[in-house]
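# Fold and geometry: a report
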Amino acid sequence: MKAIETTEEFQQVINTPKTIMIKFETTWCPDCKRLNMYIDDIIKDFDFEWYSADRDQFPELGRDYQVLGIPSLLAFKNGKKIAHLRADDQSPEEIRAYLETIEA
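The structure displayed is predicted, hence computed values, not measured ones. Every chain is numbered independently, its residues counted from 1 as its sequence is written. Given that the model is predicted, a residue must reach a pLDDT of at least 70 before its local features are reported, and side-chain atom pairs must reach 80 or more before they are shown or counted; all residues, however, enter totals for whole chains, interfaces and linings. As a rule here, side-chain values come from all non-hydrogen atoms in the structure, and water together with hydrogens is ignored.

Our next topic: the sheet that holds strand 5 (residues 80-86). As summarised here, the arrangement of the five strands in space is 1-3-2-4-5, forming an open sheet in which the pairing is mixed. With partners counted over all chains shown, the strands left at the sheet margins are strand 1 (2-3) and strand 5, one partner each. Any two strands between which DSSP finds at least two bridges are classified as paired. A run of DSSP states H or I qualifies as a helix once it reaches four residues; a run of E qualifies as a strand once it reaches two. Both are numbered from the N-terminal end. Sheet analysis places strand 4 (residues 72-77) next to strand 5, joined by six bridges and oriented antiparallel. When the sheet's bridge partners are listed, Ala-75 is paired in strand 5 with Ala-83. Pairs of residues are marked as contacts when any of their non-hydrogen atoms sit within 4.5 Å. Each axis is a line fitted through C-alpha atoms, and for a helix only the stretch in contact is used; angles between axes span 0 to 180 degrees, taken between their N-to-C directions. Its contacts with the sheet place helix 1 (residues 7-14) against strand 1, strand 2 (20-25), strand 3 (49-54) and strand 4, and it is angled at close to 145° to strand 2. Each of strand 2, strand 3, strand 4 and strand 5 is contacted by helix 5 (residues 92-99), which is oriented at about 160° to strand 5, the strand it contacts most.

Put into structure tokens, the structure is as follows:
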């Protein structure tokens, strides 16, 4: 999973016709660390491009896209947010079930 480094890169990444998943997280978040223990197994089963963004580094993106809890998984297509999952209390099975509802 590639980390987003700039707001410009974020905009470039989400403005594609392919479904893009962005995991908003922070370095201090225990729920983010828990998600990181199993997210790689989930990623390989879905045909999305995956990125991560540190909400503390990009507070304006968190505000603009209503990231009220972390970790959150946001799906984008053609520059529009098409799905949003606050994943702080989700099991791997619940995350997989949610991702299956998103068009690749």
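Oppositely charged side chains may form a pair once their charged atoms are brought near each other. Should a side-chain nitrogen of Lys or Arg be within 4 Å of a carboxyl oxygen of Asp or Glu, the pair is scored as a salt bridge. Scanning the entire structure with this criterion turns up six salt bridges. The salt bridge partner of Lys-2 is Glu-9, with a shortest N-O separation of 2.7 Å.

Here a ring pair, both rings aromatic, is described through the centre-centre distance and the interplanar angle of the planes. Only centres within 6.5 Å qualify two rings of Phe, Tyr or Trp (six-membered ring in Trp) as a pair; their planes then separate them into stacked at under 30 degrees, edge-to-face at over 60, and tilted for everything else. Applying the stated criterion to the full structure yields six aromatic pairs. Considering the side-chain rings of Phe-48 and Trp-50, the 6.3 Å spacing of their centres and the 55° angle between planes classify their relative orientation as tilted. Judged by relative accessible area, Trp-50 falls into the buried class, the value being 8%. Accessibility here uses a 1.4 Å probe with only protein chains present; expressed as a share of the type maximum, an area under 20% marks a residue as buried, one over 50% as exposed, and anything in between as partly exposed.

Right, let's talk about the nonpolar core for a bit. In terms of nonpolar packing, the biggest core is built from 18 residues, with Ile-4, Phe-10, Ile-22, Phe-24, Tyr-65 and Phe-76 touching the most fellow members. In this structure, Tyr-65 is in contact with Phe-10, Gln-11, Ile-14, Leu-74, Phe-76, Lys-81 and His-84, ignoring residues within four places of it in sequence. Buried Ala, Val, Leu, Ile, Met, Phe, Trp, Tyr and Cys residues form a nonpolar core when they are joined through side-chain atoms within 4.5 Å.

Moving on to unusual backbone geometry. Of note, the amide linkage connecting Ile-70 to Pro-71 takes the cis form, showing an omega dihedral of -5°. Here Pro-71 is to be found in the loop between helix 4 (59-64) and strand 4. Here Gln-66, not a glycine, exhibits a phi torsion of approximately 55°, which is positive. Within the element layout of this structure, Gln-66 appears in the loop between helix 4 and strand 4. Positive phi outside glycine occurs at Asn-78, with the angle close to 50°. Residue position: Asn-78 is located in the loop between strand 4 and strand 5.

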